[in-house]
Structures are given as C-alpha cells and as structure tokens.
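Listed here are the chains, written in short residue letters.
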Amino acid sequence: MDIEQMLASARSALDRAEPADAWRLQAEGALIVDIRPIAYREAEGEIPGAVPVERIHLEWRLAPASDHRLPGVHADLPVVVVCNEGYASSLAAADLRRLGLTRATDLVGGFRAWRAAGLPVQPGGTPAVP
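We now turn to the structure provided with this report.

Cut-offs and rules
- Residues numbered from 1 in each chain as written.
- Predicted model: local features only at pLDDT ≥ 70, side-chain atom pairs only at ≥ 80, totals over all residues.
- Heavy atoms only, no water.
- Helix = DSSP H or I, 4+ residues; strand = E, 2+ residues; numbered from the N terminus.
- Buried < 20%, exposed > 50% of the residue type's maximum accessible area, 1.4 Å probe, protein only.
- Contact = heavy atoms within 4.5 Å.
- Areas by Shrake-Rupley, 256 points an atom, 1.4 Å probe, with all protein chains shown as cover.
- Lys, Arg positive; Asp, Glu negative; His and termini not counted.
- Charge placed at Lys NZ, Arg CZ, Asp CG, Glu CD.
- 1 Å grid on protein atoms, 1.4 Å probe; cavity = no way out; pocket = protein on both sides within 12 Å on 5 of 7 lines; lining within 4 Å.
- Points joined across faces, edges and corners; volume = space filled by probe spheres on them.
- Nonpolar A, V, L, I, M, F, W, Y, C, P; charged D, E, K, R; others polar.
- Pairing = 2+ DSSP bridges.
- Axes fitted to C-alpha atoms, helices over the stretch in contact; angles between N-to-C directions.

When helices and strands are tallied, the protein shows 6 helices and 4 strands. Sequence-ordered secondary structure for the protein, helices as α and strands as β, is α-α-β-α-β-α-β-α-β-α. Once the C-alpha set of the protein is aligned to its principal axes, its extents read approximately 35 × 30 × 30 Å. Buried residues in the protein amount to 44% of all 130 residues. Long-range pairs, those at least 24 residues apart, make up 72% of the contacts in the protein between residues at least 6 apart in sequence. Taken as a whole, the protein presents about 6,500 Å² of accessible surface, with 57% of it coming from carbon and sulfur. Here the protein holds 13 positive side-chain charges and 17 negative ones, and the gap between their average locations is 2 Å.

Structure (structure tokens):
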C-alpha cells in the first residue's frame, strides 16, 4: 500500500467536514483538535476554541479508554482534527476512530481552508496540551 492508498482508505471511513460544517459542529459542542506544529500555529494563527495537541500525543489524549485522555473525551464526542491542508488530519482521525472515538473526522483543506473561508482566526502560539 502506498501513501495515496493509505489516505484514500482513511478518508473512506470519515464523514469529512467542510470549514462551515466544522464551525457549526464546534458551535454544537464538537472538539476541534489542532495537530499542527507550534511554528505553524504561531505563523498562521489558530481556530478560536481549538485544542492544540501535538501529533505524537494525539492517541493518548483522545482515546476514550486512555488514562491520559483529555477531560470530557468519550466515545461519542464529535471531534474534528485539523492540520495545515487536510492530509495528516485524515490519517489521524482514522486512527482515533480505530481507538473508539466513533465520531472523529477531519477538516477538508485543513486550517488554510478554514482561514480562506473567512471563519474566525486568532493569533497563534498556544502551547500544546502536554
């Protein structure tokens, strides 16, 4: 399997969110998780209310059965994973689904699509959840 096949497989299990849909989901209580490195968040900004979680910690902070999960995380919590352009987030969201987060998905086009859609952005630099 090559990376394109892996990406297609990951996305086939997701109901991916367009920027306006992700904004609506957030307003309805979904958790937006930003997996971009801090340098990108500092340079381009962040989605207000998003929780920055470094990719290396993602599964431990969001797996419903993890002793290290974020407060309030449960199997039915809607989660939208965000990266720069919507590639790494697809793979990450598929991993979260395999770990039991049944409503995990990702943002089509990533943070850059969110910003291009004119949705709210705030200055970046928020430290990631350890």
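Text resumes after the structure shown.
What follows is about the layout of surface pockets. By volume, the largest pocket is sized at about 170 Å³. When residues of the lining of the largest pocket are traced back to their parent elements, those giving at least two are α2 (19-27), β3 (79-82) and β4 (104-106). Top contributing element to the lining of the largest pocket by residue count: α2, with 3 residues. Split by residue class, the lining of the largest pocket holds 6 nonpolar, 2 polar and 6 charged.

So, on to the pairing of β3. Burial along β3 is two-sided: the residues Val79 and Val81 and Val80 and Val82 are all buried. With 4 bridges joining them, strand β1 (residues 31-34) and β3 adopt parallel strand pairing. Bridge pairing links Val33 to Val81 in β3.

Once that is clear, we can look at the environment of Gln122. One can find Gln122 in the segment after α6 (110-116). The partly exposed category is assigned to Gln122, whose relative accessible area is 30%. Sequence separation of Gln122 and Pro48 is 74 residues, and the distance between their C-alpha atoms is 6.0 Å. Leave out the neighbours within four places in its chain, and Gln122 touches Gly45, Glu46 and Pro48.

Turning our attention to the sheet that holds β4. The 4 strands are arranged β2-β1-β3-β4 in an open sheet whose pairing can be described as parallel. With one partner strand each, in any of the chains shown, β2 (51-52) and β4 form the two edges of the open sheet. Relative to β4, β3 runs parallel, the two being bridged by 3 bridges. Residue pairing for β4: Val81 is matched across the bridge by Asp106. Helix α5 (residues 88-98) rests against β3 and β4 of the sheet, and its axis sits at about 175° to β4.

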